Amino acid sequence: MGNYSALAEENVEVAPGHYLMTLVPEEKPARAEPGQFLYITVTGEYDPLLRRPFSLFDVSPGERQLKIVYKLVGRGTELLKGVAVGSRVDVMGPLGTGFDIYDEGKDLLVAGGIGMAPLFYLAKKLRERNKEVTFLLGARTKAGLLFVDELEELGVNTLLATDDGSQGFKGTVVDLLAAYLQNNGRPDRLYCCGPAPVYKGVLEKAKSLRLPVQISYEERMACGVGACMGCVCKPESRDSYIRVCLEGPVIKHIF
Ligand SMILES: Cc1cc2nc3c(=O)[nH]c(=O)nc-3n(C[C@H](O)[C@H](O)[C@H](O)COP(=O)(O)OP(=O)(O)OC[C@H]3O[C@@H](n4cnc5c(N)ncnc54)[C@H](O)[C@@H]3O)c2cc1C
Ligand code: FES
């Protein structure tokens, strides 16, 4: 899929330093699956040179609206924050390979911080299949726990953790996962997105329990479509290298 122009219908701060952007593409995308990402440039110029990847956070019925949630970290996201409602941005995607969904079995979702973005859309899709979904969501403080009410409105069993104990379990979401597994037994699979300490902790747990886990990785990217090898990595459970932008960003680990 090439690039296209999308209308910015909404660009609003939802928590300190975190924004929700709703984009309306010119044409309905061929597919928009949980775990896929949009590759966005706001200037149409060569500064910043590379596009910036953002997971699909939500998709409206009929795929009219594609939503992302982004955290301000640098120049690209600062530029995105400045996009006026009613103006247009240049988008590629949805790109990449997303999460595999199963009709059977218990799904446990684990997210740290902005890692909740792809898992929100996954949770929505799982609930549409009437699956029971438990979502462990962690952040440093209460202010970083995003879209908790919306998860509960979807009927998702949402358990919270904060490093400082300002809301929910006091500790990391990986600590919460350990406590949850002790009290609730094994799920059939894990899904995860978050910073390195979160996905490494979840991967470790999955390995020790021999649970399948799907992790959405946030590797730096260049072309975004599998051509430049700028994003290759070798996942722990694989023998070969993969391109995160094409075979990922969701990588399935089976132990
Ligand atoms: C597949 C994928 C999905 C993503 N989904 C989201 C999302 O839904 N919401 C969101 O807020 N962010 C998401 N990210 C991360 C987001 O793309 C980066 O935060 C963004 O590109 C930073 O651009 P910038 O110009 O503002 O920051 P830069 O000036 O490029 O960097 C500022 C700081 O952010 C760090 N950083 C930059 N890019 C990344 C990255 N890819 N991963 C980790 N750290 C990075 C840099 O090391 C630096 O410290 C995703 C990344 C990938 C690869
Ligand atoms: S960014 Fe070019 S191959 Fe992935």
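Here, the structure is the one placed above.
As a convention, each chain's residues are numbered from 1 in the sequence order in which they are written. Going through the entries in the order they are written, you letter the chains from A and number the ligands from 1. Confidence filtering applies because this is a predicted model: local features only for residues at pLDDT of at least 70, side-chain atom pairs given and counted only at 80 or more, and all residues used for totals across whole chains, interfaces and linings. Water and hydrogen atoms play no part in the side-chain values, which are based on all heavy atoms of the structure.

Participant: Give me the lowdown on the sheet that holds strand β4 (residues 52–55), citing residues and values where you can.
Facilitator: For two strands to be treated as a pair, DSSP must find at least two bridges joining them. The helix and strand labels rest on DSSP assignments: H or I over at least four residues marks a helix, E over at least two residues marks a strand, and numbering proceeds from the N terminus. Strand order in this open sheet of 7 strands is β4-β3-β7-β1-β2-β6-β5, and the pairing throughout is antiparallel. Every interior strand has two partners, whereas the edge strands, β4 and β5 (58–59), have only one. Sheet topology places strand β1 (residues 3–15) next to strand β7 (residues 88–95); 5 bridges connect them, and they run antiparallel. Along β7, the bridge assignment pairs Asn 3 with Met 92.

Participant: Which residues make up the sheet that holds strand β16 (residues 250–253), and what values do they have?
Facilitator: As summarised here, the arrangement of the 7 strands in space is β11-β10-β9-β8-β12-β13-β16, forming an open sheet in which the pairing is mixed. One side of each edge strand has no neighbouring strand; the edge strands of this open sheet are β11 (169–170) and β16. The pairing of strand β12 (residues 189–193) with strand β13 (residues 213–216) spans 4 bridges and is classified as parallel. Considered in β13, the bridge of Tyr 191 is made with Gln 214. Contacts from helix α4 (residues 173–184) reach β8 (107–112), β9 (133–139), β10 (157–162), β11 and β12 within the one sheet, and its direction differs from that of β9 by about 145°. In this description, contact between two residues means that some pair of their heavy atoms is separated by no more than 4.5 Å. For every element, the axis is a line fit to its C-alpha atoms; helices are fit only across the contacting stretch, and the angle between N-to-C directions ranges from 0 to 180 degrees.

Participant: Can you tell me about the nonpolar core, naming the residues and giving the values?
Facilitator: In globular proteins that are soluble, nonpolar side chains generally tend to be buried together. Residues grouped as a nonpolar core are buried Ala, Val, Leu, Ile, Met, Phe, Trp, Tyr and Cys residues, joined through side-chain atoms within 4.5 Å. Buried residues are those whose accessible area, probed at 1.4 Å on protein chains only, stays under 20% of the maximum for their type, while exposed residues exceed 50% and partly exposed ones sit between those limits. One finds Leu 108, Leu 136, Leu 177, Leu 190 and Val 202 to be the most contacted residues of the largest nonpolar core, which totals 32 residues. Of all the secondary-structure elements, those providing two or more residues to this core are β3 (37–41), β7, β8, α4, β12, α5 (196–209) and β13. Per-domain counts for this core show at least three residues from each of domain 1 (3–95) and domain 2 (107–253). In this structure, Val 69, Ala 123, Phe 135 and Val 148 belong to the second largest nonpolar core, which totals 28 residues. Domains are outlined according to an automatic or database domain assignment.

Participant: Just give me the short version of the pairing of strand β6 (residues 66–71), but keep the residues and values in it.
Facilitator: β6 sits mainly inside the fold: 5 of its 6 residues count as buried. Counting the residues that bridge the hairpin from β5 to β6 gives 6 residues, and of these Gly 62 lies at a positive phi of roughly 80°.

Participant: For the packing of α4 against α5, give the residues involved together with the corresponding values.
Facilitator: The description of two packed helices rests on the angle between their axes and on the distance between the axes. Where α4 contacts α5, the two axes come as close as 9 Å, and the packing angle between them is 25°. With respect to α5, the axis of α4 lies roughly parallel. The residues of α5 that touch α4, namely those facing Val 173, Val 174, Leu 177, Ala 178 and Leu 181, are Pro 197, Val 198, Gly 201, Val 202, Lys 205 and Leu 209. Each residue gets one of three labels, nonpolar for Ala, Val, Leu, Ile, Met, Phe, Trp, Tyr, Cys and Pro, charged for Asp, Glu, Lys and Arg, and polar for the others, Gly among them. Residues belonging to the contact of α4 with α5 are distributed by class as follows: 9 nonpolar, 1 polar and 1 charged. In this scheme, roughly parallel covers angles under 35 degrees and roughly antiparallel covers those over 145, while 65 to 115 is roughly perpendicular and the rest are oblique.

Participant: Break down helix α2 (residues 116–128) for me, with residues and values.
Facilitator: Counted at 1.5 Å a residue, the expected span for α2 with its 13 residues is 18 Å, and the 18 Å between its end C-alpha atoms agrees. Within α2, 10 of the 13 residues are buried, which leaves it mostly tucked inside the rest of the structure. Those residues of α2 that sit buried are Met 116, Ala 117, Pro 118, Leu 119, Phe 120, Tyr 121, Leu 122, Ala 123, Lys 124 and Leu 126. Positive backbone phi, at 65°, marks Asn 130, one or two positions downstream of α2. Expected span, for any helix, means 1.5 Å times one less than how many residues it has.

Participant: Now, about the site of ligand 1: what can you tell me, with residues and values included?
Facilitator: In the vicinity of ligand 1 there are 20 residues, among which Arg 52, Pro 53, Gly 76, Thr 77 and Arg 220 approach most closely. Polar contact is the term for a pair of N or O atoms within 3.5 Å; when the atoms are in protein, one must be able to donate a hydrogen and the other to accept it, and sequence-neighboring residues count only if both atoms are side-chain atoms. Within the backbone of Ser 55, an N or O atom sits 3.0 Å from a nitrogen atom of ligand 1. For accessible areas, the Shrake-Rupley method is used with a probe of radius 1.4 Å. Any residue's cover is judged against the shown protein chains and nothing else. Coverage of ligand 1 by the protein chains reaches 76% of its 860 Å² of free accessible surface. Elements represented by at least two residues in the shell around ligand 1 include exactly β4, β6 and α1 (75–81). Among the elements that take part in the shell around ligand 1, β4 stands out by supplying 4 residues, more than any other. A per-class count over the shell around ligand 1 returns 10 nonpolar, 4 polar and 6 charged. Counting the residues that make up the shell around ligand 1, at least three belong to each of domain 1 (3–95) and domain 2 (107–253). Summary of the distance rule: residues count as near a molecule or strand when at least one heavy atom falls within 4 Å of that molecule or strand.

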